[in-house]
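Listed here are the chains, written in short residue letters.
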Amino acid sequence: MSYLHKRSSINGSIPTSGALTVGEIAINTFDGKVFIKKTTGVVIEVGATGPTGATGATGATGAAGATGATGATGATGAVGTAIVDGGFASDTYTNIAIIDGGTP
């Protein structure tokens, strides 16, 4: 003796609560889904995943990464002319002591 469960071969077909008795199994052979009627009278898909829950809070920010390498030094600017008290001119800045307009 073989027993055949209630079945449908229609895509997306779900049995109604009135079509099943409590604990009875129904199979959709097109979709490959199995259904049962619960004690509460609700028909559910066996193995179906429930709705997705709410997204949790964002976690704390991690520590800052290391500081990158220092960039290259820029080009040296043009050298100016210094006019020192007493009329002495120098093309570069040097450690010169001029006292009362004299010469170094």
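Residues numbered from 1 in each chain as written. Predicted model: local features only at pLDDT ≥ 70, side-chain atom pairs only at ≥ 80, totals over all residues. Heavy atoms only, no water.

Below, the discussion takes up the overall build of the protein. Helix and strand content of the protein: zero helices and six strands. Listing each helix as α and each strand as β along the protein from the N terminus yields β-β-β-β-β-β. Within the protein, the proportion of its 104 residues that are buried is 11%. Sequence-distant contacts in the protein: of pairs separated by 6 or more residues, those separated by 24 or more amount to 4%. Carbon together with sulfur atoms contributes 56% to the accessible area of the protein, which is approximately 8600 Å² in total. (Helix = DSSP H or I, 4+ residues; strand = E, 2+ residues; numbered from the N terminus. Buried < 20%, exposed > 50% of the residue type's maximum accessible area, 1.4 Å probe, protein only. Contact = heavy atoms within 4.5 Å. Areas by Shrake-Rupley, 256 points an atom, 1.4 Å probe, with all protein chains shown as cover.)

With mixed pairing, the four strands of this open sheet are ordered in space as 1-2-3-4. Lying at the two open borders of the sheet, with one neighbouring strand each, are strand 1 (6–8) and strand 4 (43–45). Each strand of the sheet is rotated relative to its neighbour by a mean of 25°, with strand direction disregarded. Note that strand 3 (residues 33–37) and strand 4 share three bridges and pair antiparallel. (Pairing = 2+ DSSP bridges. Axes fitted to C-alpha atoms, helices over the stretch in contact; angles between N-to-C directions.)

Right, let's get into the environment of G12. Mapped onto the elements, G12 comes out in the loop between strand 1 and strand 2 (25–28). Looking at G12, the relative accessible area reads 49%, which means it is partly exposed. As for G12 and N28, which are separated by 16 residues in sequence, their C-alpha atoms are 8.0 Å apart. Ignoring sequence-local partners within four residues, the contact set of G12 consists of N28 and D31.

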